[in-house]
Amino acid sequence: QVQLVESGGGLVQAGGSLRLSCAASGLTFRFYKLGWFRQAPGKEREFLVGINYSGGTTYYADSVKGRFTISRDNAKNTVYLQMNSLRPEDTAVYHCAAGIMIMAPNYWGQGTQVTDSS
C-alpha cells in the first residue's frame, strides 16, 4: 500500500519558518517526481513546488518562489518543504504528492495544517 505521510505543520507567526516532511512508503521512491500542493478553505488546490527524480531540477509557483524550497532525500524516502517568510495567506492544508508527472500526481498524502496566525 502506497502511503505518503506529511508532518511538521502547525501554528507559526507571520515571518516565521516551518519545515514540512513527507515520508513515503510502498513505492520505489526514486522513480517518482515529488511535489507539494496546498488548499485553503474555499480555494482551489494550488501547486507550490515540484522536484524531479534526483533533485537536480525544481519548479516553483510564483506565490512561493524565493520563500519555499523543496528537497528530497532518496535514501530516506522523504521529501521536504522548507517554508520561510510565512504570511497569513499561506494558511492552508499542505499535501505532498508523487507521480510520474507531478502536475497529475499518482499518489497524495493526507495533508498537514499550516496556520499563520498573524
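This text goes with the structure placed above it.
These figures come from a predicted structure and were not determined experimentally.

1. A few points about the pattern of salt bridges
Here is step 1 of the chain: The full count for this structure, using the stated rule, is four salt bridges.
Here is step 2 of the chain: A salt bridge links Arg38 to Glu46, with the shortest nitrogen-to-oxygen separation between them at 2.8 Å.
Here is step 3 of the chain: Note on Arg38: relative accessible area 7%, which makes it buried.
Here is step 4 of the chain: Among the ionic pairs, Asp62 bridges to Lys65, the shortest N-O distance being 3.4 Å.
Here is step 5 of the chain: Its relative accessible area of 68% is what places Asp62 among the exposed residues.
Here is step 6 of the chain: For Lys65, a relative accessible area of 52% translates into the label exposed.

2. Looking at the side chain of Arg67
Here is step 1 of the chain: Inspection of the secondary structure puts Arg67 in the loop between strand E6 (58-60) and strand E7 (68-73).
Here is step 2 of the chain: Judged by its relative accessible area of 7%, Arg67 is buried.
Here is step 3 of the chain: For Arg67, the residues in contact, after removing those within four places along its chain, are Gln82, Met83, Asn84, Ser85, Leu86, Arg87 and Asp90.

3. A look at the sheet that holds strand E1 (residues 3-7)
The strands that make up a sheet are held in pairs by hydrogen bonds between backbone atoms, and each pair lies either parallel or antiparallel.
Here is step 1 of the chain: The strand order E1-E3-E8-E7 describes an open sheet built from four strands, whose pairing is antiparallel. Each edge of the open sheet carries a strand with a single partner, namely E1 and E7. With strand direction ignored, the average angle separating the axes of adjacent strands in the sheet is 15°.
Here is step 2 of the chain: Two strands pair when backbone bridges link them, and strand E3 (residues 18-25) and strand E8 (residues 78-83) are joined in this way by six bridges, in the antiparallel orientation. For Leu18, the partnering residue across the bridge sits in E8 and is Met83.

Parameters at a glance
- Residues numbered from 1 in each chain as written.
- Predicted model: local features only at pLDDT ≥ 70, side-chain atom pairs only at ≥ 80, totals over all residues.
- Heavy atoms only, no water.
- Salt bridge = Lys/Arg side-chain N within 4 Å of Asp/Glu carboxyl O.
- Buried < 20%, exposed > 50% of the residue type's maximum accessible area, 1.4 Å probe, protein only.
- Helix = DSSP H or I, 4+ residues; strand = E, 2+ residues; numbered from the N terminus.
- Contact = heavy atoms within 4.5 Å.
- Pairing = 2+ DSSP bridges.
- Axes fitted to C-alpha atoms, helices over the stretch in contact; angles between N-to-C directions.

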